[in-house]
Amino acid sequence: IDLVPRKIKHIIEDEFTDKKPTELHLSIFRFKDGSTVDIGAICYKRTKYEHRTPDSVRLTDLSTLDKRRLRFTGELIDHLRLKPENKSSSKNKTVLSILKFINWINEQSYDTDFSDVQDVRRAYEGYTKWLFHRLKLKTGTPDKLTNNSASQEQKIARLACSLMANEHIKKIEFWATA
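These numbers come from a predicted model, not from an experiment.

Regarding the pairing of strand β3 (residues 27–30)
Both strand β2 (residues 10–13) and β3 contribute to a ladder of four bridges, which runs parallel. Looking at the pairing, H10 lines up with S27 of β3. What sits between the antiparallel neighbours β3 and strand β4 (residues 36–37) is a turn of five residues, in which G34 has the positive phi angle 95°.

Encoded structure:
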């Protein structure tokens, strides 16, 4: 099945409001500096970034829409909007890092329900083990991570899991302490 750009119906602005469209999977998020991120791509299990697409819309396998991811997408939008002091570039980096974690989840053989605490925990534990494995690689290996990079990636995964499972970040920390 081909990956295609989705028709975007909604541009969600970075402003202090809780209003969001119901079709989050057909939405992009626009930061205060005018840059955008394809936040709706989170709702699909197969996506690919192509830098040539307008508004950074990811190519998507439309048949992989997972409506169980809509609540998490809405929670992430609320989280971004509740940080007006954060720069657009910082928020964008957070979303792109969360997308990296979600891409890892999408590549796993099991189906992760973003609204099921046990599934989210399994994903976080697996991701932590994967990061730990990458820490142990020999220097010069392409996937090798530094302690700082692994720590940052795990911190972002914790935030994502907190929003997915509706659990406090401190509780997520205890799920997988590497």
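Observations regarding the nonpolar core
Of all hydrophobic cores here, the largest spans 42 residues; its most connected members are F29, I42, F72, L76, I98, F101 and M164. For this core, the secondary structure elements donating two or more residues are α1 (70–81), α2 (88–107), α3 (117–136) and α4 (147–165). Counting residues per element, this core draws most heavily on α4, at nine residues. Each residue touching F72, except ones within four places of it in the same chain, is listed here: I42, I98, I102, F114, A160, L163 and M164.

Some remarks on the sheet that holds β3
Here three strands make up an open sheet; going across it, the order is β2-β3-β4 and the pairing mixed. Looking at which strands have only one partner, the edges of the open sheet turn out to be β2 and β4. Examined bridge by bridge, β3 and β4 share two bridges and lie antiparallel to one another. Residue pairing in the sheet places F29 in a bridge with V37 of β4.

Thoughts on the side chain of K91
On the secondary structure map, K91 appears in helix α2. Engagement of the side chain of K91 in a polar contact is seen with the side chain of D14, the distance being 2.7 Å. Among the polar contacts listed, one links the side chain of K91 to the backbone oxygen of K83, at a separation of 3.2 Å. Not counting residues within four places of it along the chain, the set of residues in contact with K91 comprises D14, F31, L80, K83, P84 and N86.

Procedures and definitions
- Residues numbered from 1 in each chain as written.
- Predicted model: local features only at pLDDT ≥ 70, side-chain atom pairs only at ≥ 80, totals over all residues.
- Heavy atoms only, no water.
- Pairing = 2+ DSSP bridges.
- Helix = DSSP H or I, 4+ residues; strand = E, 2+ residues; numbered from the N terminus.
- Core = buried A, V, L, I, M, F, W, Y, C linked by side-chain atoms within 4.5 Å.
- Buried < 20%, exposed > 50% of the residue type's maximum accessible area, 1.4 Å probe, protein only.
- Contact = heavy atoms within 4.5 Å.
- Polar contact = N/O pair within 3.5 Å; in protein donor to acceptor, adjacent residues only side chain to side chain.

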